[in-house]
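Here is what each chain is made of, one letter per residue.
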Amino acid sequence: MEDKVILLDFWSSSYAMRVRIALEEKGIQYEAREQNLVDKSPLLVDMNPIHKMIPVLIHNGKPTCESLVIVEYIDQVWNDRSPLLPSDPYQRSQARFWADYIDKKIYTNGKKLWREKGEKQEEVKREFIAGLRALEGELGEKVYFGGERIGFVDVALVPISSWFYSFEKCGNFSIEKECPKIVAWVKRCMQKKSVSKSLPDPQKIYGYVLQLKQKLGID
Amino acid sequence: MAEEVVLLDLWVSPYAARVKIALAEKGIEYESKEEDLSNKSSLLLEMNPVYKKVPVLIHKGKPISESRIIVQYIDELWNHKSPLLPSDPYARAHARFWADFVDQKIQGTMYRLFEAASSESREAAEKELIEDFKVMEGELGKKPYFGGETFGFVDIAFIPSYRYYYGHETLGNFNLVEELPKLAAWVKRCLQRESVSKSLHDPNKVYEFISELRKKRGLE
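Only a predicted model underlies this, so the values are computations on that prediction, with no experimental measurement involved.

Engineer: Mind laying out the interface of chain B and chain A, listing which residues take part and the relevant values?
Structural biologist: Tallying the contact residues gives 24 residues for chain B and 25 residues for chain A. Buried area between chain B and chain A, summed over both chains or domains, comes out near 2300 Å², and the portion from carbon and sulfur atoms is 66%. Its largest share of buried area at the contact with chain A, chain B owes to Y51(B), Y90(B) and F97(B), together 27% of the area lost on that side. Summed over the shared surface of chain B and chain A, the result is 4 salt bridges. Taking the shortest distance from any N to any O, the salt bridge between E72(A) and R96(B) comes out at 3.1 Å. If you look at where chain B meets chain A, you find 9 residue pairs in polar contact (both at pLDDT 80 or more). Mapped by element, the contributors of at least two residues to the side of chain B that touches chain A are β4 (62–65), α3 (67–77) and α4 (89–115) of chain B. For the side of chain B that touches chain A, the element with the most residues is α4(B), which contributes 10 residues.

This is the structure in structure tokens:
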């Protein structure tokens, strides 16, 4: 029986990009359905009644929600190729820890960074940079967080890099200057087709951010 | 064997309780070290430099932090008995989703309730928490446990916090025991398990502790 895989998607969502990268890494054929997040489709509401958010992976009709839950699901189902999580329980726990850290410290602050101004923005920037520096420590001298191959933590983090240009413009700072190892790691990841295919053009993201700022009345 | 597993603990923490329940379910002996969060031990600072919080599980000298991650580690390593997560990937994802909901949504609301300085913010948080509990009542449905026939990951994630609220019985004017009967039956079922009853404290003692903490912060 052939698998039917549908992704309820949104082009600028870093969370959705994680799922796309995982699917690409595993070479899984899927249909991406771009969602309207203002006027949500009955399918989205039906498949994710609790949060009504993307991404949602619908595999043979059954939905899974929350990007990191979805990535683990993909890794388990298609466990015969390109493993994303290590097999050792301790190393798995560490990968989960850092992916969770990325959600708490990087993604949460990223969402605030372009919306805030003045001292509040400076505070968010400080936390964001501190978070990336902690991740640099965890990366160390490795090629990827996963070691020689991209893994769970790489998949969790790399999507937000498509927003770096926007953060830099809005926050008036250089991520490369503050966290050069992270930027070098991003460049290495972008050489992989699974990543470059799944991330949008940072300029397009910036255009979108400017539109949102206008809509929200933030200057 | 006991010296191999150490838990940096806090008696009132529902997160630490999760880990204790999981260890008990697996029959693992461990040493519990009670932390004083106003005077954190050098061990805690060394083993959880990122968050400096409990619980931390230290196994053969290597630390694991974040309760849901610790419980998954326990389940994956000591897989000889009492599986806490289902083996089917879809069912596992479902369990992870709901454990994440407990932390993302419910714990978030509980935290806002704890921090509520005005009666308006208190009432708003209470109202939201009641809605969150209703969602859990719906998700439990007719099942004996969130995982189905067997006690598992979502039960472990939710029982400590809910037990402490349930022990207080009412949230504002809402009677948890009467209005959410499925959850009420589920609490009783969980408490029949030694792993749970031994890992949870008298809800009144917990409530007193929380009230004292609020008073100290000038919130009451």
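Engineer: Hey, could you go over the nonpolar core for me, with residue numbers and the actual values?
Structural biologist: Across soluble globular proteins, nonpolar side chains have a tendency to be buried as a group. All names here are of chain B. Residues F133 and W186 are the most contacted members of the largest nonpolar core, which totals 145 residues. By residue number, the principal contributor to this core is α4, which donates 11 residues. With residues up to four places along the chain from it excluded, the contact list for F133 reads I106, M110, F158, Y162, Y165, L171, L176, L180 and L183.

Engineer: Give me the sheet that holds strand β1 (residues 5–9) of chain B: which residues, what numbers.
Structural biologist: All names here are of chain B. Pairing is mixed across the open sheet formed by 4 strands, whose spatial order is β2-β1-β3-β4. Only two strands of the sheet have a single neighbouring strand rather than two, namely β2 (31–34) and β4. Ignoring which end each strand starts from, the neighbouring axes of this sheet average 20° apart. As judged from the 4 bridges shared by strand β3 (residues 56–59) and β4, these two strands associate in the antiparallel manner. When the sheet's bridge partners are listed, I58 is paired in β4 with P63.

Engineer: Can you break down the packing of aromatic side chains residue by residue, with the values?
Structural biologist: To describe a pair of aromatic rings, one takes the distance between the centres and the angle between the planes. In total, this model carries 28 aromatic pairs over all chains according to the counting rule given. When the ring of F128(A) is compared with that of F167(A), the centres are 5.3 Å apart and the planes differ by 80°; the resulting orientation is edge-to-face. In this pair, F128(A) is assigned in helix α5 (residues 118–139) and F167(A) in helix α7 (residues 164–171), connecting sequence segments 39 residues apart. Across this residue pair, the class does not change: F128(A) and F167(A) are buried. The interplanar angle of 75° and the centroid separation of 5.4 Å between the aromatic rings of W11(B) and F209(B) together place this pair among those described as edge-to-face. Separated by 198 residues along the polypeptide, W11(B) in the loop between β1 and α1 (14–25) and F209(B) in helix α10 (residues 203–216) bring together distant segments of the chain. On the basis of relative accessibility, which here comes to 25%, the residue W11(B) falls in the partly exposed class. Following the ring pairs from residue to residue traces out a cluster consisting of F133(B), F146(B), F158(B), Y162(B), Y165(B), Y166(B) and W186(B). Over the face of the ring belonging to Y90(B) we find K62(A), whose NZ or CZ atom lies 4.4 Å from the ring centre.

Engineer: Provide a residue-level description of the UniProt feature "domain: GST N-terminal" (unreviewed entry) in chain A, including the pertinent values.
Structural biologist: Per the UniProt entry, the sites bearing "domain: GST N-terminal" (unreviewed entry) are residues 3–82 of chain A in this numbering. Along residues 3–82 of chain A one finds 36% helix and 21% strand; the C-alpha atoms at either end are 18 Å apart.

Rules used in this analysis
- Residues numbered from 1 in each chain as written.
- Chains lettered and ligands numbered in written order.
- Predicted model: local features only at pLDDT ≥ 70, side-chain atom pairs only at ≥ 80, totals over all residues.
- Heavy atoms only, no water.
- Contact = heavy atoms within 4.5 Å.
- Buried area = accessible area lost by both parts, 1.4 Å probe.
- Salt bridge = Lys/Arg side-chain N within 4 Å of Asp/Glu carboxyl O.
- Polar contact = N/O pair within 3.5 Å; in protein donor to acceptor, adjacent residues only side chain to side chain.
- Helix = DSSP H or I, 4+ residues; strand = E, 2+ residues; numbered from the N terminus.
- Core = buried A, V, L, I, M, F, W, Y, C linked by side-chain atoms within 4.5 Å.
- Buried < 20%, exposed > 50% of the residue type's maximum accessible area, 1.4 Å probe, protein only.
- Pairing = 2+ DSSP bridges.
- Axes fitted to C-alpha atoms, helices over the stretch in contact; angles between N-to-C directions.
- Phe/Tyr/Trp six-rings, centres within 6.5 Å; stacked < 30°, edge-to-face > 60°.
- Lys NZ or Arg CZ within 6 Å of the ring centre and 35° of its normal.
- UniProt positions renumbered as here; feature names shortened; annotations may be inferred.

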